[in-house]
Amino acid sequence: ALLFITVYTADGFYEFVEDHCVFNSTKLDDIEYIRSYYYNKLEYTRFSSSVGKYVGYTEYGVRNAEAWNKDTGNLAAMRAAKETYCLNNVGNDHEAAL
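All values derive from a computational prediction rather than experimental measurement. (Residues numbered from 1 in each chain as written. Predicted model: local features only at pLDDT ≥ 70, side-chain atom pairs only at ≥ 80, totals over all residues. Heavy atoms only, no water.)

Engineer: Please clarify how the pairing of strand 4 (residues 42–48) should be interpreted in this entry.
Structural biologist: Remember that side chains alternate between the two faces of the sheet whenever the strand is regular. Of all 7 residues in strand 4, 5 are buried; the element is thus mostly enclosed. With 6 bridges connecting them, strand 3 (residues 31–39) and strand 4 associate as antiparallel partners. Each residue of the ladder has a partner; that of Tyr38, found in strand 4, is Glu43. In textbook terms, the turn of a hairpin is the stretch between consecutive antiparallel strands, and for strand 4 and strand 5 (residues 53–56) this stretch comprises 4 residues, one of which, Gly52, has a positive phi near 85 degrees. (Buried < 20%, exposed > 50% of the residue type's maximum accessible area, 1.4 Å probe, protein only. Helix = DSSP H or I, 4+ residues; strand = E, 2+ residues; numbered from the N terminus. Pairing = 2+ DSSP bridges.)

Here is the structure:
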């Protein structure tokens, strides 16, 4: 799986975003793109290409998911990330592993 992490810290608090691709083959149908948002190691919101929208896991995360799901431009970009972010990188990783 591919992994990209962005970290923000201030005054001892830890927030980060994790993008990763889960795959069984290089076919687009076998790839799942996931972006997770964490605060102090607790995942509060996630976008999954399998679900096609944001899902919140905390009160704050639910509010974020509701707002982000209303932004059709952002949602379209996140849905396209499976192809734009994962497909090429999965192919490269698969070739390197062979």
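Engineer: Explanation requested: the pairing of strand 5 in the structure shown.
Structural biologist: One ladder, built from 4 bridges, connects strand 4 with strand 5; its direction is antiparallel. Among the inter-strand pairings, Thr45 is bridged to a residue of strand 5, identified as Gly56.

Engineer: What am I meant to see in the environment of Asp19 here?
Structural biologist: One can find Asp19 in strand 2 (residues 13–23). Since its relative accessible area comes to 5%, Asp19 is described here as buried. When the C-alpha atoms of Asp19 and Cys86 are compared, they prove to be 9.7 Å apart, with 67 residues separating the residues in sequence. Of note is the side chain of Asp19, whose polar atom sits 2.7 Å from the side chain of Tyr33. (Polar contact = N/O pair within 3.5 Å; in protein donor to acceptor, adjacent residues only side chain to side chain.)

Engineer: For this particular structure, what's the right way to read the nonpolar core?
Structural biologist: One recurring pattern in soluble globular proteins is that nonpolar side chains are buried together. Among the nonpolar cores identified, the biggest contains 14 residues, and Tyr33, Phe47, Tyr54 and Cys86 are the most heavily contacted of them. Going through the elements one at a time, strand 2, strand 3, strand 4 and helix 2 (72–97) are the ones with two or more residues in this core. Ranked by the residues each element gives to this core, the list is headed by helix 2, at 5 residues. Beyond its immediate chain neighbours, meaning those up to four positions away, Phe47 contacts Tyr33, Ile34, Arg35, Gly52, Lys53, Tyr54, Leu75, Met78 and Arg79. (Core = buried A, V, L, I, M, F, W, Y, C linked by side-chain atoms within 4.5 Å. Contact = heavy atoms within 4.5 Å.)

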